[in-house]
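Examination of the molecular architecture
These are the residues of each chain, in order.
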Amino acid sequence: MMSLAMASENDNLKIVQVWHGGKFKKKLREMGIYKDSQIKVVKNDIPGPLIVDVKGSRLILGRGQAQKIMVEGSEDG
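Residues numbered from 1 in each chain as written. Predicted model: local features only at pLDDT ≥ 70, side-chain atom pairs only at ≥ 80, totals over all residues. Heavy atoms only, no water.

1. Quick word on the overall build of the protein chain
Secondary structure summary: the protein chain contains two helices and six strands in total. In the protein chain, the order of α-helices and β-strands from amino to carboxyl end is β-β-α-β-β-β-α-β. Expected size for 77 residues packed as a compact globule is a radius of gyration near 11 Å; at 11 Å, the protein chain falls within 12% of this value. C-alpha extents for the protein chain along the principal axes are approximately 30 × 30 × 25 Å. Across the 77 residues in the protein chain, those meeting the buried criterion constitute 34%. Residue pairs in contact within the protein chain that sit at least 24 positions apart in sequence constitute 59% of those at least 6 positions apart. Carbon and sulfur atoms provide 50% of the accessible area of the protein chain, an area that totals close to 4700 Å². Computed over 13 positive and 9 negative side-chain charges, the inter-centroid distance for the protein chain is 9 Å. (Helix = DSSP H or I, 4+ residues; strand = E, 2+ residues; numbered from the N terminus. Rg over C-alpha atoms; globule rule 2.2 N^0.38 Å. Buried < 20%, exposed > 50% of the residue type's maximum accessible area, 1.4 Å probe, protein only. Contact = heavy atoms within 4.5 Å. Areas by Shrake-Rupley, 256 points an atom, 1.4 Å probe, with all protein chains shown as cover. Lys, Arg positive; Asp, Glu negative; His and termini not counted. Charge placed at Lys NZ, Arg CZ, Asp CG, Glu CD.)

Here it is, written out as structure tokens:
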């Protein structure tokens, strides 16, 4: 398990846990990011934001946000 901020480009990942309060979790759920959801890292240029693909939509996440999202390798990818 690692934070999303540490993922490499083209990694297919599964969300394991989100570390933060209810408002942040609600915002992520509305974007399709929740426990057991599948995502793909499109771009991860350190120190900038990450671009992830969630169900065919590309989303931009700040590095601080990505550090609060724990992921692991996906069985699908």
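After presenting the structure, the write-up continues.
2. Describing the packing of aromatic side chains
Counted by the stated rule, this structure contains zero aromatic pairs. Cation over ring: K68 sits above F24, and NZ or CZ is 5.8 Å from the ring centre. (Phe/Tyr/Trp six-rings, centres within 6.5 Å; stacked < 30°, edge-to-face > 60°. Lys NZ or Arg CZ within 6 Å of the ring centre and 35° of its normal.)

3. Considering the environment of G56
In this fold, G56 is placed in the loop between β4 (50-54) and β5 (57-61). By relative accessible area, G56 is classed as exposed at 64%. Separated by 17 residues in sequence, G56 and I39 place their C-alpha atoms 9.2 Å apart.

4. Digging into the pairing of strand β3 (residues 38-44)
Here three bridges tie strand β2 (residues 12-18) to β3, and the two strands are oriented antiparallel to one another. Note on β3: the bridge partner recorded for L13 is I39. Bridging between β3 and β4 involves four bridges; their strand directions are antiparallel. Within β4, the position partnered with N44 by the bridge is L50. Connecting β3 to the next strand, β4, in antiparallel fashion are five residues. (Pairing = 2+ DSSP bridges.)

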